[in-house]
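# Structural features, examined
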Amino acid sequence: MEKRIRKILNEAAKEFESAGDESEIDQLYVKYFGKKSPLNKLTKKISTLDPALKPKAGQNINKAKSTLEKLFDRAKRNVKTKKASATKYIDVTAPGKKITIGHLHLVSQAIEEIVTIFSKLGYSLQSYPEIDWDWYAFESLNMPKDHPARDDWETFFVKAPPNPKLGNQVLTPHTSNGQVREMENVKKPPIRMINIARCYRRQIDISHTPMFHQFEGLLIDKNISIPNLKGTFDYFTTNFFGKNRVTRLRPHHFRFTEPSFEVDVTCDVCGGKSCRICKSGWLELGGAGMVHPKVLEAGKIDPKKYSGFAFGWGIERTISMKTKIPDIRLLYQNDIRFLEQFS
Ligand code: FA5
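Residues numbered from 1 in each chain as written. Predicted model: local features only at pLDDT ≥ 70, side-chain atom pairs only at ≥ 80, totals over all residues. Heavy atoms only, no water.

Mapped onto the fold, Arg201 is located in the loop between strand E5 (191-200) and strand E6 (211-221). Buried charged residue Arg201 carries no salt bridge. Nearest counter-charge: Glu154, at 7.3 Å. Among residues more than four places away in sequence, those in contact with Arg201 are Trp153, Glu154, Phe156, Pro173, His174, Thr209, Pro210, Phe212 and Gln214. (Helix = DSSP H or I, 4+ residues; strand = E, 2+ residues; numbered from the N terminus. Buried < 20%, exposed > 50% of the residue type's maximum accessible area, 1.4 Å probe, protein only. Lys, Arg positive; Asp, Glu negative; His and termini not counted. Salt bridge = Lys/Arg side-chain N within 4 Å of Asp/Glu carboxyl O. Contact = heavy atoms within 4.5 Å.)

If you want it as structure tokens, here you go:
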């Protein structure tokens, strides 16, 4: 029996030593301490032995059991230390992991840049409602009800009871709704406002999205004339697009400015020579003009004392003119491969 016990212990020692993890050790525990374990089988045989040999056999089996318990404890400890030491060391020669840092969306980056440029000229950023009354979006801007010019804006109307004085509510199709609101707020010029907001129109193609951003500038003071307007646009253009870009004013018609202009900037691709993208050497930045006397009156400002200019430009278009994005809808597709290029 002693020989058999020694064999069992030798085998167990080898197996516990080579166990790789805790689950293997647990399996060995069942093998050596369970009901069908080799030592249990030997214990059952004691009753068949000569009575004189029984006590010694019992002692040997008990000793073997405590040896097995020690083997089991040591194996458990070894596995735990191996696991701990595996996490303790850092390979300082291993290549570092690249940390991904997010960045502002292209539209937010442009807004920050535009605000910085205009704040240097003394303009302060204001914010006016994106759902506004007909009065502020159209009527106070010299665009009476049923005037055909209102069709140009392809407006979304809100289904809600109209206000008897201010009319229906609309999703603002342009930031010009901030003009009379600003005059009401400031009351007495000078006014130097920049109003940046989301605008909504029923349009979608490579240069139109149903939701887009405009930035509206409004300057009202004594003796303001077209050279002030042109100088401001030149300052913005060289600061935003670069020193090589030039602006021009093209006659246009808006109900709320007189005279009115479209403002163009030289194309960056051909440098103003004309190419496939611009077709004329120029790209349209947005609308502008001298504030119409009727709009000043709607804002309770005396047009005989004060004059001013206003402009409203699309932020997405401005970005596409700077970065040569071929389709402004890309800005709103949330494709990380596209957005990542503009950190
Ligand atoms: C206006 O919205 C006038 N309120 C601008 C203005 C303000 C004129 C103050 C005079 C004085 P217009 O509809 O042309 O004008 O739009 C101005 C600019 O907004 C466009 O040149 C374009 O850059 C941008 N824009 C207009 N519609 C969209 C659209 N659906 N998607 C993206 N950008 C647009």
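Across the 8 residues that make up strand E3 (residues 156-163), only a small minority, 0, are buried. Where E3 lies against strand E4 (residues 167-171), 4 bridges are found, and the strand directions are antiparallel. Looking at E4, one finds that Val158 is bridged to Gln169. Linkage of E3 to E4, two consecutive antiparallel strands, is achieved through a turn of 3 residues. (Pairing = 2+ DSSP bridges.)

Moving on to the domain arrangement of the protein chain. Its domain assignment divides the protein chain into domain 1 (2-86) and domain 2 (106-339). On a C-alpha basis, the centres of domain 1 and domain 2 stand 86 Å from each other. (Domains from an automatic or database assignment.)

Relative to E4, strand E2 (residues 131-133) runs antiparallel, the two being bridged by 3 bridges. Paired with Asp132 across the two strands is Val170, which belongs to E4.

In this chain, Pro189 is followed by Pro190 through a cis amide linkage whose omega measures 15°. As for its position among the elements, Pro190 is in the loop between helix H7 (177-186) and E5. With an omega of -5°, the peptide bond between Glu258 and Pro259 qualifies as cis. Of note, Pro259 is situated in strand E8 (residues 257-266). A positive phi angle is found at Lys300, which is not glycine, with a value near 60°. Among the secondary structure elements, Lys300 is positioned in the loop between helix H9 (293-298) and strand E10 (307-314). Look at Lys300 and you get exposed, because its relative accessible area is 73%. Residues other than glycine seldom take positive phi values, yet Asn334 does so here, at roughly 55°.

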